[in-house]
2 protein chains.
Amino acid sequence: MVIVAIKQLYNNDNEATKVVTIQGWVKSNRNGNKVGFLDINDGSTLKTLQVVYNVENPAWKQLIEVTTGSAISVTGEIVLTDKAQQPFELKLQSLDFLNLADKNYPIQKKAHSHEFLREQAHLRSRTDTFLAIFKVRNQIAFAIHQFLQNSDFIYLNSPIITANDAEGAGENFIVTTITSDQYEKDFFGKKAALTVSGQLNAEAYAQAFKKVYTFGPTFRAENSNTTRHAAEFWMIEPEVAFADLESTIKLAKDLVISVVSNVLENCPAEVDFFNQRLKSTEQSQDNLMKRLAMLTKAESYKVLTYTEVIEILLKAKEQGKEFIFNDIKWGMDLQSEHERYLCEEVSKGPVFVTNYPQDIKAFYMKANPISQDTPERRTVAAMDLLVPGIGELIGGSVREDDYDKLIANKKQFKIENNDLQWYFDLRKSGFAPSAGFGLGLERLIMLITGINNIRDVIPFPRTPNNLTF
Amino acid sequence: MVIVAIKQLYNNDNEATKVVTIQGWVKSNRNGNKVGFLDINDGSTLKTLQVVYNVENPAWKQLIEVTTGSAISVTGEIVLTDKAQQPFELKLQSLDFLNLADKNYPIQKKAHSHEFLREQAHLRSRTDTFLAIFKVRNQIAFAIHQFLQNSDFIYLNSPIITANDAEGAGENFIVTTITSDQYEKDFFGKKAALTVSGQLNAEAYAQAFKKVYTFGPTFRAENSNTTRHAAEFWMIEPEVAFADLESTIKLAKDLVISVVSNVLENCPAEVDFFNQRLKSTEQSQDNLMKRLAMLTKAESYKVLTYTEVIEILLKAKEQGKEFIFNDIKWGMDLQSEHERYLCEEVSKGPVFVTNYPQDIKAFYMKANPISQDTPERRTVAAMDLLVPGIGELIGGSVREDDYDKLIANKKQFKIENNDLQWYFDLRKSGFAPSAGFGLGLERLIMLITGINNIRDVIPFPRTPNNLTF
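These numbers were taken from a predicted model, which means no experiment stands behind them. (Residues numbered from 1 in each chain as written. Chains lettered and ligands numbered in written order. Predicted model: local features only at pLDDT ≥ 70, side-chain atom pairs only at ≥ 80, totals over all residues. Heavy atoms only, no water.)

Draft legend 1. View of the overall build of chain A. Summing up its helical and strand segments, chain A has 13 helices and 16 strands in all. Oriented by its inertia axes, the alpha-carbon framework of chain A measures out at about 90 × 60 × 40 Å. Looking at the 469 residues of chain A, the share that counts as buried comes to 60%. Long-range contacts, defined here as pairs at least 24 residues apart, represent 67% of the contacts in chain A between residues at least 6 apart. Surface accessibility of chain A: about 19000 Å² in total, with carbon and sulfur atoms responsible for 46%. (Helix = DSSP H or I, 4+ residues; strand = E, 2+ residues; numbered from the N terminus. Buried < 20%, exposed > 50% of the residue type's maximum accessible area, 1.4 Å probe, protein only. Contact = heavy atoms within 4.5 Å. Areas by Shrake-Rupley, 256 points an atom, 1.4 Å probe, with all protein chains shown as cover.)

Draft legend 2. Inspection of the confidence of the model for chain A at higher detail. When the pLDDT values of chain A are averaged, the result is 93; 96% of them are 70 or greater. With a pTM of 0.97, the predicted complex shows an ipTM of 0.96. (pLDDT = per-residue confidence, 0-100.)

Draft legend 3. Representation of the relation of the copies chain B and chain A. When chain B is fitted to chain A, the best match, at an RMSD of 0.0 Å, comes from turning it 180° and sliding it 0.0 Å along the axis. The superposition of one copy onto the other is thereby described by a two-fold rotation axis. Same-surface contact between copies: 100% of interface residues of chain B are shared with the interface of chain A. (Least-squares fit on C-alpha atoms with pLDDT ≥ 70 in both.)

Draft legend 4. Fine view of the packing of helix α4 (residues 128-150) of chain A against helix α5 (residues 199-209) of chain B. Contact geometry for α4(A) and α5(B): axes closest at 11 Å, N-to-C directions at 110°. As summarised for this structure, α4(A) and α5(B) are arranged roughly perpendicular, according to the angle between their axes. Contact residues: A:F130, A:L131, A:F134 and A:K135 in α4(A); B:Y205, B:A208 and B:F209 in α5(B). The residue makeup of the contact of α4(A) with α5(B), split by class, is six nonpolar, no polar and one charged. (Axes fitted to C-alpha atoms, helices over the stretch in contact; angles between N-to-C directions. Parallel < 35°, antiparallel > 145°, perpendicular 65-115°, else oblique. Nonpolar A, V, L, I, M, F, W, Y, C, P; charged D, E, K, R; others polar.)

Draft legend 5. Structural view of empty space enclosed by the protein. Residues and elements named next belong to chain A. Applying the stated criterion to the full structure yields 11 cavities of 30 Å³ or more. Quantified by volume, the largest cavity comes out at close to 80 Å³. S158, T214, F215, G216 and P217 are the residues nearest the centre of the largest cavity, which is lined by 16 residues in total. For the lining of the largest cavity, the element with the most residues is strand β10 (residues 211-219), which contributes five residues. Counted by class, the lining of the largest cavity contains seven nonpolar, eight polar and one charged residues. (1 Å grid on protein atoms, 1.4 Å probe; cavity = no way out; pocket = protein on both sides within 12 Å on 5 of 7 lines; lining within 4 Å. Points joined across faces, edges and corners; volume = space filled by probe spheres on them.)

Draft legend 6. Broad picture of the packing of helix α9 (residues 306-318) of chain A against helix α10 (residues 336-346) of chain A. Residues and elements named next belong to chain A. It is at 11 Å that the axes of α9 and α10 come closest, and there the two elements cross at 80°. Overall, the two elements α9 and α10 adopt an arrangement that is roughly perpendicular. Contact residues: α9 offers V309, I312, L313 and A316, while α10 offers H338, Y341, L342 and V346. Classifying every residue of the contact of α9 with α10 gives seven nonpolar, one polar and no charged.

Draft legend 7. Layout of the interface of chain B and chain A. Contacts between chain B and chain A engage 106 residues on the former and 106 residues on the latter. At the surface where chain B touches chain A, the tally comes to zero salt bridges. Linking chain B with chain A are 34 residue pairs in polar contact (both at pLDDT 80 or more), by the criterion used here. Per element, the largest residue contribution to the side of chain B that touches chain A is 11 residues, and it comes from helix α4 (residues 128-150) of chain B. Per-class residue counts for the side of chain B that touches chain A are 55 nonpolar, 33 polar and 18 charged. Pairing of strand β8 (residues 174-176) of chain A with strand β8 (residues 174-176) of chain B, which is carried by three bridges, proceeds in the antiparallel orientation. By the bridge assignment, A:I174 is partnered in β8(B) with B:T176. (Salt bridge = Lys/Arg side-chain N within 4 Å of Asp/Glu carboxyl O. Polar contact = N/O pair within 3.5 Å; in protein donor to acceptor, adjacent residues only side chain to side chain. Pairing = 2+ DSSP bridges.)

Draft legend 8. Quick look at unusual backbone geometry. Residue and element names in this part refer to chain B. One non-glycine residue, N355, lies in the positive phi region at around 55°. Its location among the elements puts N355 in the loop between β13 (351-354) and β14 (382-387). The exposure class of N355 is partly exposed, given its relative accessible area of 22%. Positioned with a positive phi, F469 is a non-glycine residue whose angle comes to about 65°. Structurally, F469 can be placed in the segment after α13 (441-449).

Draft legend 9. Up close: the side chain of A:E400. Mapped onto the elements, A:E400 comes out in the loop between β15 (391-398) and α11 (403-412). Every residue in contact with A:E400, bar those within four places of it in the chain, is listed here: A:Y364, A:M365, A:K366, A:A367, A:K405, A:L406, A:N409, A:R427 and A:F431.

Draft legend 10. Here's a closer look at the packing of aromatic side chains. All names here are of chain B. Scanning all chains against the criterion turns up 53 aromatic pairs over all chains. An angle of 25° between the planes, with centres 6.3 Å apart, marks the rings of F130 and F134 as stacked. Of this pair, F130 and F134 both sit in helix α4, four residues apart, roughly one helical turn. The two residues F130 and F134 agree in class, both being buried. Between Y306 and Y356 the ring centres are 5.6 Å apart and the planes differ by 40°, which places this aromatic pair in the tilted class. (Phe/Tyr/Trp six-rings, centres within 6.5 Å; stacked < 30°, edge-to-face > 60°.)

Draft legend 11. Structural view of the environment of B:R455. All names here are of chain B. Here R455 lies in the segment after α13. Given a relative accessible area of 12%, R455 falls into the buried group. Taking the C-alpha atoms as reference points, R455 and H114, 341 residues apart in sequence, are found 9.3 Å from one another. The residues contacting R455, other than those within four sequence positions of it, are R118, R124, N225, T226, T227, P461 and T463.

Draft legend 12. Summary view of the pattern of salt bridges. Evaluation of the coordinates by the stated rule reveals 26 salt bridges over all chains. The residue A:D456 makes a salt bridge to A:R124 at a minimum N-O spacing of 3.3 Å. Of this pair, A:D456 sits in the segment after α13 (441-449) while A:R124 is found in the loop between α3 (114-118) and α4, placing the two residues 332 residues apart along the sequence. When its relative accessible area of 1% is taken as the criterion, A:D456 is described as buried. The class for A:R124 is buried, based on a relative accessible area of 0%. A salt bridge links B:K190 to B:D419; the nearest nitrogen and oxygen atoms lie 2.9 Å apart. Here the residue B:K190 occupies a position in the loop between β8 and β9 (192-194), and B:D419 occupies one in the loop between α11 (403-412) and α12 (421-425), the gap between them amounting to 229 residues. A cluster of three or more residues bridged by salt bridges with shared partners is formed by A:E203, A:E239, A:R399 and A:R427.

Here it is as structure tokens:
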């Protein structure tokens, strides 16, 4: 038996006369009195292979009963057809394996809503849409590793269970083996939580390897049901010693360009599928292909300071634009609507926003020098990358490298965690300027696929009151 | 400024006359009245670069005060020397950046014990040993991704927070936002735990993509302080549909061979470092180089059934061998001492042990047909890969594909979890024979580096009562 992936058949015309064995799952079975047709997908491509069987086949009686979803292995001869859509088919010789799906198998040959398929998360990757989503997710994840490895970054597994709270905000999940708050009696002898970021740990390793990155799960116990938030999601956090804001922006840009280009090159069928899908559902006026092409060009990425952004928003308001949050003023946090207005209507492309007010950012970010004309406006060397359709894709900064300033920030931001002394001490241990960012894997997948609910780009998503599978 | 990694200097002889800038951390500073020498490492290689400065340099007074551990950036001319160990040095022109380490910086130029360095986990990767360990960890992780991607596997992020308990054994960490056991009021509306394995979820995706793998953190709340157990560790779990035990053994073997070969090719200096280190400490009679060479050869891997292993152990006992657990009989679980005896003294190499008794394995493993001569000896299509110095590196099996048998196993193994119905239902949804295994990343790192404590191959290890950093 020469077991062949369906993808190989489509890639190699010259294989078209071989006898091959195909293993996969049945998408449909149509038959008449003398001849029948099975459509089989094996996960290697979105395409299916048509298998033709006829009444003379010893397995005819079994074959006509094959249900949608069944696992099957068949051997036969590849014969060329003159149809454009299906340049070849498999003329069945033998049925080698068959495990029938129940008649009530939920994924039938019709359109299913994403909501319905979320309840079938264990089966939904057998649909074209989810096969394409998780194929692209795989490609994006590997493309990120490839880009960073080729750039001499060291992959670091930062800890998942932690006593730190990197952001000093947001709800944490507690990790425990007891049912009280007497954490001194708990497994770790203290209160433990799931990490919200690997950055603090990555900073330590950047002070040895210079360029490191984390790639792991992070957690937020926020009780919010939006299309962009999940309790469990994956982040990539590069951290670089001897870096500044400019080099960090360049790294973020180069990474996104590299990943999008990689997906365009390696998943053309999937990208085309998403492009057609977005067109047909009119969920977006944006053409996905155009968006992705734009994202591969360095000149598409604009850089604006936070102060410039506030000026743009104020001007828009003057000209009649109304935001839901319409009290635009320096010092406010940018809302998703502002971010999307900025990159969808003003820049019509990705925008790096830099130098945010210190008060709305995290305690570890490095303060910029105060300018003489605006002494009350303290900003930090931070950057967010905003992208069309998503809003914030990346958030990063230069880290405060001065021990005393960092301790002062700790007080100012009311960080009460006493498990961070090792982090502060890094500043006394030969600390090179350090900068980095966090990239939300799921948001990048949403950007590249056009899928607009985070629940549909995570294999088994976790959200409030949702822990099935 | 042309910023150059020290590794590049060692790779390119022809660059030896350029003016370059080096950024790194000071390993030592020696100076007399007129000339001084800084040894700098920048994380790109184990090697250091010697920087020569003299009294005429405007920065002389700063330079003589430079402490071990300081972050530094220097520009100068690379000049060739006639020393074998150090073929070139940097003649300092300018000191561009300096952040002094405190005088009590803990990593001084002397031998530190691993125990001491565990308490300095935020700084220990600035030693040669830990720089080498985490460089090799990075290489192993990427080599695994490369091998599986090149073999058309799809990387799957299986969930970390789960209501399942894949092994049906071992202590779980609870994930919660409350301090009671009223989990119906908790974030997910039910009891949630940290995953012990992504296998059950991977099985679902293997039924769409055929070949998938997880690569993520897993957790055990076992209160055991051994050199081989941590509360948080990383696992790689390939799962393949239309597979059997034989193909699974081949996959495991090919993966280990590929990763070891990759490390030998890409980290020769680090492997050499570990080899010298093992020799000098005499921690192992095994020569690391020989062990790794053996692991790259397919013919080194033996396959024995569990029943054959018991016969070997019984024969050893007859011949005078005494085990700590000496009550050798069919049905017992193999202890670490038996596993190591088998591969260190009998096979003198890696051994796959297959067809374990069903009672000592997990509920989801496929039962073998009962042979007529030993009807009471029910075995499962499982395999463990045992390796010298470590014991179990990989554990895998064929999965039970029959719905009724799986439900019967659930009862027999007293699995009381009601959140697994989706997993059982996979068997009614066109289930192809499925098999896979779990590979412990840290154990593979220990095998390849010869490091014998798991705490030293995890950047920030988590063990009972240990949650610093």
